Amino acid sequence: MTGFLDLYSEKDTFLHHLDPRVKLLAVVLISVLAFILTDILYLVILLAFILLLLVLTRSSYGKAFFALKYVVRFMILITLLWPLFDRSGVPVLFSIGPLDITEPAVWRGVTSAVRVGCFATVWYILMFTTSQRDLVRALVKLGLRFDYGLALAISFRFIPTFGLTLESIKDAQRARALELDKGSILRRSRNYVSVLVPTIVSALRTADTLALTLQSRAYGAVSNRTYLREIHMRRSDYIALTVVVMILLLPALAKYVYGVQI
Amino acid sequence: MIPRPDAGVEDAVLFLRDVKFTYESGVDALRGVTLAVDKGEYLAIVGGNGSGKTTLAKHMNGLLRPTGGQVLVNGAQSSTRTVAELARVVGYAFQNPDHQLFCRTTQDEVSFGPTNTGLDEQEVRRRTDRAIELMGLSEVRTRPPLSLTLGFRRKISIASVIAMEPQVLILDEPTTGLDAREADELMAIVQRLNDEGRTVVLITHEMKLVAEHANRVVVMADGRVVLDSDARGAFSDLELLRHSKLLPPPVTQLAHKLAQIGVSRDALTPQELVFELMRGEEP
C-alpha cells in the first residue's frame, strides 16, 4: 500500500535537477495538452514523448512496472467499456443482443484511453524525480501557506508509518483468533472495528505527540520563517520552462487561432 | 553455538527446523534457526535490536511463514493451519497493548479472543472470569481499557491472550514502560502461569527478568541462535553477550568483576552474590 509513496529515487538526471516548480508546471501543461489534442495520432506521439521522458528518469524497472501496471489496466478498461456506452455513428461493426458496437465509438474509446494514459503517466515523471520535500517546498514557494505545506509534508511522511501500525494491529488481532475475511458481511464489518479503533487511537496519540514536538521546536514562533535550502531558478530551468510552455502554446495556437484540426 | 542434547521432537510443543525468513525488502531476518521448546519451559529469547527475536516469535503462531525450513506446533506442520487455528495453542501478546485494545469494557476485551475461537457462551464466560481474576483486573472489569494506565492496559492485553487458554504464551517485551512495581507484579503472574504448566516464551532486552525467571535462554544475533543454555551458562560468556549487544544483569556483572577475589562468576540474584561473599568471609 505504500508503493505509491516511495516512487521517488535519488538519481543524477536533468529531470531530477530541474526546479520542482518547473516540473509541476510542465506536468499541468502537458495534462492540459492531452485534453486539447483530439487526433489519435498526435495523442500517441504525446504518449510516446511522455514515455521517453519516463525512460530518461532512469527509474528502476520495478518501479516503472508498478506505476504503469495501473495505467495500462485503466486504459484497457476504457477501451473495452467505451463502445458499450457510446453507440452513435456508423458503420456498426457487430451487435451483441441490443448492443451495437460502432467503428467511431471504438476509435473514441481508444483515443480516450490514450488521453488518460498521457494524463496519468506524466504525473509519474514528477513523482519519480521529485522528493516529497521538494514538492512541498515548491508549493510553498508558489504561495501555499507554510503551515498548509507542513501539514501536507507531514501527512506524506506519516502514511508509511500508519501502514506499519495498521499491519501490526492486524497481526495483534489475528493472534487473538480474529479472521478478517470470514463470516457474513455484518460479522466482517464488526471484525473490522477491532482494527479500526486501535488504528484511530494510535493515530490520535501520534498526532498529539507530534503537536507537542513541533511546539517544543519553536514552531510558529515567528510568522516569517527562513529556509535552510532555498530553491532558485537557474538558466537550465528557464530553458526548460520555455520549452514546456511552447509545447502547450504552439498546438493551442494552431487549434484555437488558426483552426487546424489536431 | 552450544547445542542442546536433541530433545525429542515429539515432546516439543514447538519445533522449528532450520527456519529461514527473508522480508520482502530483502533483509534476511532469520538465517536458519533450529529450536525445540518443551512443554512447561520458561524460555527467554534475548538479543539486540534487529537480531531476529520478534521475527522468530512470529513464526511460532503463524503470523509469519518461513521462507525455508519448517515449524511444527504439537508435532503437526503449522503451514497447513491458519493463524486463528494456531492462536488456540500459541498465544501472542504484542509489545504495544494499544495495538490490541478496542472494546468498551475490560470484560468485553478479554472475551474477544475466546469468542473468536467459537466457544459457547458459558465457556467464554468461565475463561474470561478466570483470566480477569488471574491478572488482578477485577476492579477495572467494567472500565474502558483505553483510558486505563499502561500497566493495566498491558495486563488486559495479556489477559485477553490468556483467556484463550493457549499452551504456549509468547510475551513480547512485556515490561517496557512499566515502573518497577508494575513490572514485578506482572512477572509474578507470568511465573504463576508457568508454574501451572503453561509454556512461556519471553522476548526481552531486560536481563534481570531473564535471570530471575527463565530456565532457558536463547541468545540471538544476526538472525541466528548463538547460544542456547540455562541462564547461568548464558551469562558466563561476556564476550559472546557483548557480541550480541547484550549485558548480563548488574549483579552478574559485579560477580564477574569480583572474580579475581574468588567469587563465582555465575551469580544470578543479589542473594546468591551475598551468599558467595559471606562464604568467602568465613574462616
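Residues numbered from 1 in each chain as written. Chains lettered and ligands numbered in written order. Predicted model: local features only at pLDDT ≥ 70, side-chain atom pairs only at ≥ 80, totals over all residues. Heavy atoms only, no water.

## Structural notes on the overall build of chain A
Along chain A, the regular secondary structure elements total nine helices and two strands. Order of helices (α) and strands (β) in chain A, N terminus to C terminus: α-α-α-α-β-β-α-α-α-α-α. If you line up chain A on its principal axes, its C-alpha atoms span 65 × 60 × 30 Å. Evaluated residue by residue, chain A yields a buried proportion of 35% over its 262 residues. In chain A, once contacts between residues fewer than 6 apart in sequence are set aside, the share between residues at least 24 apart is 72%. Between the centroid of the 29 positive side chains of chain A and the centroid of its 17 negative side chains there is a distance of 4 Å. (Helix = DSSP H or I, 4+ residues; strand = E, 2+ residues; numbered from the N terminus. Buried < 20%, exposed > 50% of the residue type's maximum accessible area, 1.4 Å probe, protein only. Contact = heavy atoms within 4.5 Å. Lys, Arg positive; Asp, Glu negative; His and termini not counted. Charge placed at Lys NZ, Arg CZ, Asp CG, Glu CD.)

## Details of the interface of chain A and chain B
Listed as interface residues are 19 residues of chain A and, on the opposing side, 23 residues of chain B. Here chain A packs against chain B, burying approximately 1900 Å² in sum over the two surfaces, 58% of which is carbon and sulfur. By the criterion of area lost to chain B, the three top residues of chain A are Ala175, Arg176 and Ala177 of chain A, representing 35% of everything that side buries. The salt bridge partner of Arg176 of chain A is Glu109 of chain B, with a shortest N-O separation of 2.9 Å. Its residues assigned to classes, the side of chain A that touches chain B shows nine nonpolar, four polar and six charged. (Buried area = accessible area lost by both parts, 1.4 Å probe. Salt bridge = Lys/Arg side-chain N within 4 Å of Asp/Glu carboxyl O. Nonpolar A, V, L, I, M, F, W, Y, C, P; charged D, E, K, R; others polar.)

## Some words on the environment of Phe119 of chain A
Residue and element names in this part refer to chain A. Tracing the backbone through its elements, the reader meets Phe119 in helix H5 (residues 103–129). Distance from Phe119 to Phe35, taken between C-alpha atoms, is 8.5 Å for residues 84 residues apart in sequence. Every residue in contact with Phe119, bar those within four places of it in the chain, is listed here: Ser31 and Phe35.

## Notes on the nonpolar core
Residues and elements named next belong to chain B. Of all hydrophobic cores here, the largest spans 46 residues; its most connected members are Met135, Ile162, Leu171, Val210, Val219 and Phe235. No other element matches the six residues that helix H6 (residues 180–195) contributes to this core. Excluding residues that lie within four positions of it along the chain, Val210 makes contacts with Ala44, Val46, Thr204, Val217, Ala231 and Phe235. (Core = buried A, V, L, I, M, F, W, Y, C linked by side-chain atoms within 4.5 Å.)

## What to know about the sheet that holds strand S4 (residues 68–73) of chain B
Residue and element names in this part refer to chain B. Ordered by their spatial adjacency, four strands build an open sheet running S2-S1-S4-S5, and the pairing between neighbours is antiparallel. Strands with a single pairing partner mark the edges of an open sheet, and in this sheet they are strand S2 (28–38) and strand S5 (76–77). Note: S4 against S5, two bridges, orientation antiparallel. Bridging from a neighbouring strand, Val73 pairs with Ala76 of S5. (Pairing = 2+ DSSP bridges.)

## Things to note about the pairing of strand S6 (residues 90–93) of chain B
All names here are of chain B. Of the two faces of S6, the one lined by Val90 and Tyr92 and the one lined by Gly91 and Ala93 are each fully buried. One ladder, built from four bridges, connects S6 with strand S7 (residues 168–172); its direction is parallel. Paired with Tyr92 across the bridge in S7 is Ile170.

## Focus: the pattern of salt bridges
Residue and element names in this part refer to chain B. Throughout the structure, instances matching the rule amount to 22 salt bridges over all chains. The shortest N-O distance in the salt bridge between Arg126 and Glu123 comes to 3.0 Å. Taken together, the positions of Arg126 and Glu123, both in helix H4 (residues 121–134) and three residues apart, correspond to about one turn of that helix. Judged by its relative accessible area of 39%, Arg126 is partly exposed. Owing to a relative accessible area of 22%, Glu123 belongs among the partly exposed residues under this scheme. Close ionic contact of Arg141 with Asp129 constitutes a salt bridge, the shortest N to O distance being 2.5 Å. Within this pair, whereas Arg141 is found in the loop between H4 and helix H5 (150–162), its partner Asp129 is found in helix H4, the two being separated by 12 residues in sequence. The class of Arg141 is partly exposed, set by a relative accessible area of 21%. A relative accessible area of 30% places Asp129 in the partly exposed class.

## With respect to helix H1 (residues 53–60) of chain B
Residues and elements named next belong to chain B. Here H1 lies mainly inside the structure; seven of its eight residues are buried. When we look at burial in H1, the residues that qualify are Lys53, Thr55, Leu56, Ala57, Lys58, His59 and Met60. Note on H1: the residue one or two positions beyond its end, Gly62, has a positive phi of about 85°.

## Topic: the sheet that holds strand S3 (residues 42–47) of chain B
All names here are of chain B. Pairing within the open sheet is mixed, and its six strands lie in the order S6-S7-S8-S3-S9-S10. Two strands bound the open sheet, and with one partner strand each, they are S6 and strand S10 (224–229). Between one strand axis and the next, the sheet turns through 20° on average, direction left out of account. Relative to strand S8 (residues 199–204), S3 runs parallel, the two sharing five bridges. If you follow Ile45 over to S8, its bridge partner there is Ile203. (Axes fitted to C-alpha atoms, helices over the stretch in contact; angles between N-to-C directions.)

## Some points on the packing of aromatic side chains
Residues and elements named next belong to chain A. Following the criterion strictly, the structure yields eight aromatic pairs over all chains and no others. Taking the centre distance of 6.1 Å and the plane angle of 40° together, the rings of Phe158 and Phe162 count as tilted. With a gap of four residues between them, Phe158 and Phe162 both fall in helix H7 (residues 146–174), about one helical turn apart. By relative accessible area, Phe162 is classed as partly exposed at 28%. (Phe/Tyr/Trp six-rings, centres within 6.5 Å; stacked < 30°, edge-to-face > 60°.)

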